[in-house]
Amino acid sequence: MALVFLIEEWSAEAWAGEMAGLAPGLDCRIWPDHGSDEEIDYALVWKPPAGVLRRFANLKAIFSLGAGVDHIFQDPDLPEDVPVVRVVDRDITMRMVEYVVLHVLMHHRRQRLYDGFQRQRKWREARQPAARETRVGIMGLGVLGAACAERLRDLGFQVAGWSRCEKSISGVESFAGDAALGAFLSRTHILVSLLPYTPATHGILNRALFAQLAGDRPVDGPVLINAGRGRTQNETDILGALDDGTLYAATLDVFEDEPLAASSPLWAHPRVTITPHNASVSDPAALCRYVHDQILRHERGEPFTNVVDPKRAY
Ligand code: NDP
Ligand code: OXD
């Protein structure tokens, strides 16, 4: 059974080495030195170059090495009949929970303000609202969004989520569909986006959307945290909204173009926090275990889990 690692940006050798250690029986190969295309049964991919997957005529599945699958569906030559399997794993979920809780708390506890006081050697207190006074709204109440919502709810925040279909999560208000977006935004002080990138979410985080956020946050103003995908945001609009007060602050892990250009004004903005698309990194050990389990299931004649519906493409 042959697997090909088709990975851009990360070390394919490290991933293949992890899998070989876990499952010595698997024949792990690295694109483009993988030998015969016909021998490949499974592809493990991150940002695969367009047109390559179609060459593997006997492919049984394409495994995304991240939770997002936009990097696969952007291939115009993607084979239609091969299932795309995405990652749903506790490791990736908990890393995202850490990131979202960290940044919601950072804004809520006004840590950047205190950092400024410290630099000025000022012993000063600023008003600190309770979590129960603050309404967090999560766009994308899927696997990651739901886990973040539950932790933020447990911390005492008023939490709501927005998704395509209605959800039932105890203590978390659910808003579903485009018709409910306005109501969701108008109750939200701190907006967290964990949306996938699809044609429907392209540029959705824009000035018109920020203008609908609740203006009654007990301190400062509306905050945006985006750890979903960069092309769901309009960075010109984020800068404009920060400068005219529509947004008070932003944490951005993802960008329209990555890596973020050194010339971007976002880097130096005093109320922007930037991380390099590492809110939840894909851990080779955890994800190889996950993929290996899926392959074993398939070889036993059981169906893959977490197969992406190509019509939704997320
Ligand atoms: P899921 O597919 O489980 O969740 C996606 C959620 O977005 C669902 O609730 C879905 O609604 C909602 N959604 C999708 N399209 C729309 C739309 N047009 N309108 C309203 N809601 C919509 O994905 P995950 O939670 O596992 O991951 C979310 C995203 O996080 C990934 O796609 C990836 O882009 C990003 N990510 C980023 C990482 C980072 O390090 N920055 C790491 C991992 C993931 P419904 O439930 O109704 O279908
Ligand atoms: C993912 C990511 O999709 O790391 O998992 O962005």
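Residues numbered from 1 in each chain as written. Chains lettered and ligands numbered in written order. Predicted model: local features only at pLDDT ≥ 70, side-chain atom pairs only at ≥ 80, totals over all residues. Heavy atoms only, no water.

### Brief notes about the overall build of the chain
For step 1, the next point in the chain: Along its length, the chain carries 9 helices and 12 strands.
For step 2, the next point in the chain: The C-alpha radius of gyration of the chain comes to 21 Å, within 12% of the 20 Å expected for a compact globule of 314 residues.
For step 3, the next point in the chain: Residues counted as buried form 53% of the 314 residues belonging to the chain.
For step 4, the next point in the chain: In the chain, 62% of the contacts between residues at least 6 apart in sequence involve partners at least 24 apart.
For step 5, the next point in the chain: Counting every atom, the chain has about 14,500 Å² of accessible surface; 50% of that belongs to carbon and sulfur. (Helix = DSSP H or I, 4+ residues; strand = E, 2+ residues; numbered from the N terminus. Rg over C-alpha atoms; globule rule 2.2 N^0.38 Å. Buried < 20%, exposed > 50% of the residue type's maximum accessible area, 1.4 Å probe, protein only. Contact = heavy atoms within 4.5 Å. Areas by Shrake-Rupley, 256 points an atom, 1.4 Å probe, with all protein chains shown as cover.)

### Describing the site of ligand 1
For step 1, the next point in the chain: The environment of ligand 1 is made up of 29 residues, and the closest members are Arg 86, Cys 165, Lys 167, Asp 253 and Tyr 314.
For step 2, the next point in the chain: Taking Arg 86, its side chain carries an N or O atom lying 2.8 Å from an oxygen atom of ligand 1.
For step 3, the next point in the chain: Val 143 is positioned such that a nitrogen or oxygen atom in its backbone is 2.9 Å from an oxygen atom of ligand 1.
For step 4, the next point in the chain: Coverage of ligand 1 by the protein chains reaches 94% of its 930 Å² of free accessible surface.
For step 5, the next point in the chain: For the shell around ligand 1, the per-class residue count stands at 15 nonpolar, 8 polar and 6 charged.
For step 6, the next point in the chain: Taken together, domain 1 (2-87 + 282-299) and domain 2 (90-274) each give at least three residues to the shell around ligand 1, which thus spans both. (Near = heavy atom within 4 Å. Polar contact = N/O pair within 3.5 Å; in protein donor to acceptor, adjacent residues only side chain to side chain. Nonpolar A, V, L, I, M, F, W, Y, C, P; charged D, E, K, R; others polar. Domains from an automatic or database assignment.)

### Quick word on the nonpolar core
Generally speaking, soluble globular proteins have nonpolar side chains that are buried together.
For step 1, the next point in the chain: The biggest cluster of nonpolar side chains holds 53 residues, and the ones touching the most others in it are Phe 63, Val 104, Ile 138, Leu 152 and Leu 194.
For step 2, the next point in the chain: No other element matches the 7 residues that helix 3 (residues 90-108) contributes to this core.
For step 3, the next point in the chain: Counting residues domain by domain, this core receives three or more from each of domain 1 (2-87 + 282-299) and domain 2 (90-274).
For step 4, the next point in the chain: Leave out the neighbours within four places in its chain, and Val 104 touches Val 136, Leu 152, Phe 157, Ile 190, Val 192 and Ile 225.
For step 5, the next point in the chain: Membership of the second largest hydrophobic core comes to 27 residues, among which are Phe 184, Ile 238, Leu 239 and Phe 255. (Core = buried A, V, L, I, M, F, W, Y, C linked by side-chain atoms within 4.5 Å.)

### A closer look at the side chain of Ser 280
For step 1, the next point in the chain: By secondary structure assignment, the location of Ser 280 is in the loop between strand 12 (272-274) and helix 9 (284-299).
For step 2, the next point in the chain: Look at Ser 280 and you get buried, because its relative accessible area is 18%.
For step 3, the next point in the chain: Side-chain polar atoms of Ser 280 contact the backbone oxygen of Ile 92, separated by 2.7 Å.
For step 4, the next point in the chain: For Ser 280, the contacting residues outside a window of four places in its chain are Ile 92, Arg 95 and Met 96.

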